[in-house]
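# Structural overview
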Amino acid sequence: MKPRVAVFKFASCDGCQLQFLNAEDELLKLAGQVDFAYFPEARSRALEGPYDIAFVEGSITTPDDARRIIKVREESRFLVTIGACATAGGIQALRNWADVEQYRRVVYPSPEFISTLSTSTPISEHVRVDFEVWGCPVDKHQLLAVVRSLLSKAQPVLPAYSVCMECKRRGNVCVIVARGEPCLGPVTRAGCGALCPAFNRGCYGCFGPADDQNMESFARLLTSQNVTGDDAMRRLRGINGYVRPWRETADAIAAGKK
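Being a predicted model, the structure only gives us computed values, none of them experimental. (Residues numbered from 1 in each chain as written. Predicted model: local features only at pLDDT ≥ 70, side-chain atom pairs only at ≥ 80, totals over all residues. Heavy atoms only, no water.)

## A few points about the overall build of the chain
For clarity, the threshold we go by: In DSSP terms, a helix is any run of H or I states spanning at least four residues, a strand is any run of E spanning at least two, and both are numbered starting from the N terminus. Relative accessibility under 20% of the residue-type maximum defines a buried residue, over 50% an exposed one, and the middle range a partly exposed one, all with a 1.4 Å probe and only protein chains included. Any two residues whose heavy atoms approach within 4.5 Å at even a single point are treated as in contact.
A count of helices and strands for the chain gives 12 helices and 5 strands. Overall, the C-alpha framework of the chain stretches about 60 × 50 × 30 Å when taken along its three principal axes. Going through the 258 residues of the chain one by one, you find that 47% of them count as buried. Across the chain, every contact between residues at least 6 apart in sequence was considered, and the portion connecting residues at least 24 apart equals 71%.

## Examining the pattern of salt bridges
Proximity of charged atoms lets side chains of opposite charge pair with each other. Stated formally: Throughout this description, the term salt bridge denotes a Lys or Arg side-chain nitrogen within 4 Å of a carboxyl oxygen of Asp or Glu.
For the coordinates displayed, the defined rule picks out 13 salt bridges. Taking the shortest distance from any N to any O, the salt bridge between arginine 128 and aspartate 130 comes out at 2.6 Å. Arginine 128 gets classed as exposed once you look at its relative accessible area, which sits at 53%. In this structure aspartate 130 comes out as partly exposed when scored by relative accessible area, which is 26%. Linked by salt bridges that have partners in common, Glu48, Lys71 and Glu75 make up one network.

## As for the side chain of glutamine 142
Locating glutamine 142 in the fold gives a position in helix H6 (residues 140-151). Residue glutamine 142 is classed as buried on the basis of its relative accessible area of 9%. Excluding residues within four positions of it along the chain, glutamine 142 makes contact with Val133, Trp134, Leu158, Pro159, Ala190, Gly191 and Phe207.

## Let's talk about a nonpolar patch on the surface
Inclusion rule: Exposure above 30% relative accessible area and the lack of any salt bridge qualify a residue for a patch; like charges then connect within 9 Å, and the nonpolar side chains Val, Leu, Ile, Met, Phe, Trp and Tyr within 5 Å. Areas reported here follow the Shrake-Rupley algorithm with a probe of radius 1.4 Å; residue values treat only the protein chains shown as occluding.
Judged by side-chain polarity, Tyr103, Val106, Val107 and Tyr108 come together as a nonpolar surface patch covering roughly 440 Å² of accessible area. One can find valine 107 in helix H5 (residues 100-107).

## Comments concerning the sheet that holds strand E4 (residues 76-82)
Rules: Two strands pair under a simple rule: DSSP has to find at least two bridges between them. Each axis is a line fitted through C-alpha atoms, and for a helix only the stretch in contact is used; angles between axes span 0 to 180 degrees, taken between their N-to-C directions.
In space, the 5 strands of this open sheet follow the order E2-E1-E3-E4-E5, with parallel pairing throughout. Each of the sheet's edge strands pairs with one partner strand only, and the pair in question is strand E2 (35-38) and strand E5 (131-133). Along the sheet, successive strands turn relative to each other by an average axial angle of 30°, direction set aside. In the sheet, strand E3 (residues 51-57) pairs with E4 via 6 bridges, with the strands oriented parallel. Residue pairing for E4: phenylalanine 55 is matched across the bridge by valine 80.

## A look at the packing of helix H11 (residues 229-236) against helix H12 (residues 244-254)
Angle between the axes and distance between the axes: these two values describe a pair of packed helices. Formally: Oblique is the label for any angle not covered by the other classes, which are roughly parallel (under 35 degrees), roughly antiparallel (over 145) and roughly perpendicular (65 to 115). Crossings are assigned a handedness: left-handed for a near helix turned anticlockwise from the far helix by less than a right angle, right-handed for a clockwise turn.
Where H11 contacts H12, the two axes come as close as 9 Å, and the packing angle between them is 165°. Considering their axes alone, H11 and H12 lie roughly antiparallel with respect to each other. With respect to the hand of their crossing, H11 and H12 are arranged in left-handed fashion. Residues Gly229, Ala232, Met233 and Leu236 of H11 lie in contact with H12, whose contacting residues are Trp246, Thr249, Ala250, Ile253 and Ala254.

## Quick look at H6
Condition: Here the expected length of a helix is defined as 1.5 Å per residue gap, with one fewer gap than residues.
The end-to-end C-alpha distance of H6, which contains 12 residues, comes to 17 Å, matching closely the 16 Å that a straight helix rising 1.5 Å per residue would cover. Along its buried surface, H6 packs onto helix H1 (18-21), helix H2 (25-33), E3, E4 and E5. Residue lysine 153 follows H6 closely and has a positive phi angle near 60°.

As structure tokens, this is what we get:
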């Protein structure tokens, strides 16, 4: 029997699971090697578990999410989170610094029908995760590499060094040095191909923190560029703002400690 693969969605925009469908020719090869037992984005057939590999997109934002992810974990041999929402809480984790009850009263005409948690949290805060694929959205080549590794019974390995390495390989002129442009590249993991710096824009941190990130040094770099206070805090509280290294640094800036 082919390995059974499932793709689940929680609070997200669907962009990461769409990377499977964007795989084009590789998707045909993948479909020949695995059985997509559950993938509502791609097919109407939905088979019950257990599953050999479960890919999970999205963060936990409702009580139902919190219950459902436990069931997904129980039915899956390997659970892989894909994208910033699943790995770091996503852009919706901005609610973690806000009054969610106030938002609910202001935004919805009948707030009593809205069931939500006060936080948006990554999957790893609720169940054991076997591997994380970062990005907003994830890179399809990285996604396929993880599938190949798991099917080969090997531990997936993805680059965890900074975007600065990708800039050097691409021949980009450093936007920090040449333009004085604030850029999260020095503390963000590779995976996007240094897309934004290639167009003379600072990195937005779509792929989360690099393993070799140095937040103390980065905070000093921002200060040297006159990026301080709320401006510095907002740059870190973005797509992956709730992940620990960036969250702690942004909180320290907000408290006036950096």
